[in-house]
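Tertiary structure, described
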Amino acid sequence: MSAVTTDVRGGRRDRTDSGHTGGGFVGAFASEWTKLWSIRTPYICLAAGLVVTVIFCYYYGAIARINDKPIQPVGNASVSSIILTQFALVVLAMTMVTSEYSTSSVRTSLLWVPVRHRVQLAKALLSGLVGFVTGAAFAVLGVATAWAPFRGHASFDLSKVIYQVLAMGVYSALICVMTVGVAFALRTAAGAVAVIFFVVSALPSMLVGLGGPVLMAINDYMPQTVGGYFMLGNGKAPFPDAVSLLILVVWAVAAHIAGVYVLRRRDA
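Overview of the structure. Bear in mind that the values here come from a model prediction, so they are computed numbers and not experimental data. (Residues numbered from 1 in each chain as written. Predicted model: local features only at pLDDT ≥ 70, side-chain atom pairs only at ≥ 80, totals over all residues. Heavy atoms only, no water.)

1. Quick look at the environment of S80
With respect to the helices and strands, S80 occurs in helix 4 (residues 76–103). Between the C-alpha atoms of S80 and W147, which are 67 residues apart in sequence, the distance is 14 Å. (Helix = DSSP H or I, 4+ residues; strand = E, 2+ residues; numbered from the N terminus.)

Okay, here's the thing in structure tokens:
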């Protein structure tokens, strides 16, 4: 019996000393990458965002010309389109979490990666990466689409275009990270979409509609509003662009912390 016990303990010690402790964060990220692109939802979301960007930016430029609007940066069309295209990315990021809860496959994910915050961090990083690349791509596409219908009612400053393209990518990335945090906290697609839509779009509209200095001041700190200041970069914001970016980061981090809190306290 002692020999068997010694062998078993020795085998465990050998496995521990060998350094093979799993894929770590890189393995978790690679797993999330594979899972994301193995389903149809992200392709549908990206296609929907692409179509909306083209249609919205074309009509934005055409309406600006028809109504003889003052000359504006051509990238403003792309920035305006984000009020719609961001929800394609919201659904994409949300699906990374809620689809696993709806099928109970999240249990398998947590068995593969037992360090729970690592699972959420991998999903958040992947969604942020996809959001940044997609947001920047939508911005470039919007600029290319809107330039022709503007017909002289827009200016093309390369440095300004580059700024707005990168800013749209950053905003899209942070919205995706915020969505992942909310999805982990609520665990249902309906709940996550409802909360994100209310915070990002509905509540700012209500604050602006009701008016008043206090409500308008609150609206300045809402994600979509402060994101608009950051992406436009026209100097008309109530605070510098760096502060606008910091507020967006705070929203994303707060949602991420809420998701981690729920994930650690409640079983899958």
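2. A few points about the packing of helix 7 (residues 158–186) against helix 10 (residues 223–232)
Interaxial distance between helix 7 and helix 10 falls to 8 Å at its minimum, and their mutual angle equals 160°. Put simply, helix 7 runs roughly antiparallel to helix 10. Two packed elements cross with a definite hand, and for helix 7 against helix 10 that hand is right-handed. The residues of helix 10 that touch helix 7, namely those facing K160, Y163, Q164, A167, M168, V170, Y171 and M178, are P223, Q224, G227, F230, M231 and L232. (Axes fitted to C-alpha atoms, helices over the stretch in contact; angles between N-to-C directions. Parallel < 35°, antiparallel > 145°, perpendicular 65-115°, else oblique. Left-handed = near helix turned anticlockwise from the far one by under 90°. Contact = heavy atoms within 4.5 Å.)

3. Some details on empty space enclosed by the protein
Across all of its chains, the model carries 1 cavity of 30 Å³ or more by this definition. Here the largest cavity defines a volume of roughly 40 Å³. Along the walls of the largest cavity sit L174, I175, M178, P223, L248, W251 and A252, which together make up its complete lining. Mapped onto the lining of the largest cavity, the elements with two or more residues apiece are helix 7 and helix 11 (241–265). A breakdown of the residues in the lining of the largest cavity according to their chemical character gives 7 nonpolar, no polar and no charged. (1 Å grid on protein atoms, 1.4 Å probe; cavity = no way out; pocket = protein on both sides within 12 Å on 5 of 7 lines; lining within 4 Å. Points joined across faces, edges and corners; volume = space filled by probe spheres on them. Nonpolar A, V, L, I, M, F, W, Y, C, P; charged D, E, K, R; others polar.)

4. Comments concerning the packing of aromatic side chains
Each aromatic ring pair is described using two quantities: the centre-to-centre distance and the angle formed by the ring planes. Using the criterion set out here, one finds 11 aromatic pairs in the structure. Seen from their ring centres, F56 and Y60 are 6.4 Å apart, and the 25° between their planes marks the pair as stacked. Taken as a pair, F56 and Y60 lie in helix 3 (residues 41–66) at a separation of 4 residues, close to a single helical turn. A relative accessible area of 22% means that F56 is categorised as partly exposed. For the pair Y101 and F184, a centre-to-centre distance of 6.3 Å together with 85° between the ring planes defines the contact as edge-to-face. Here F184 lies in helix 7 and Y101 lies in helix 4, a separation of 83 residues in the sequence. With relative accessibility at 1%, the residue F184 sits in the buried group. An aromatic cluster is built from W33, W37 and Y43, whose rings are joined through pairwise contacts. (Phe/Tyr/Trp six-rings, centres within 6.5 Å; stacked < 30°, edge-to-face > 60°. Buried < 20%, exposed > 50% of the residue type's maximum accessible area, 1.4 Å probe, protein only.)

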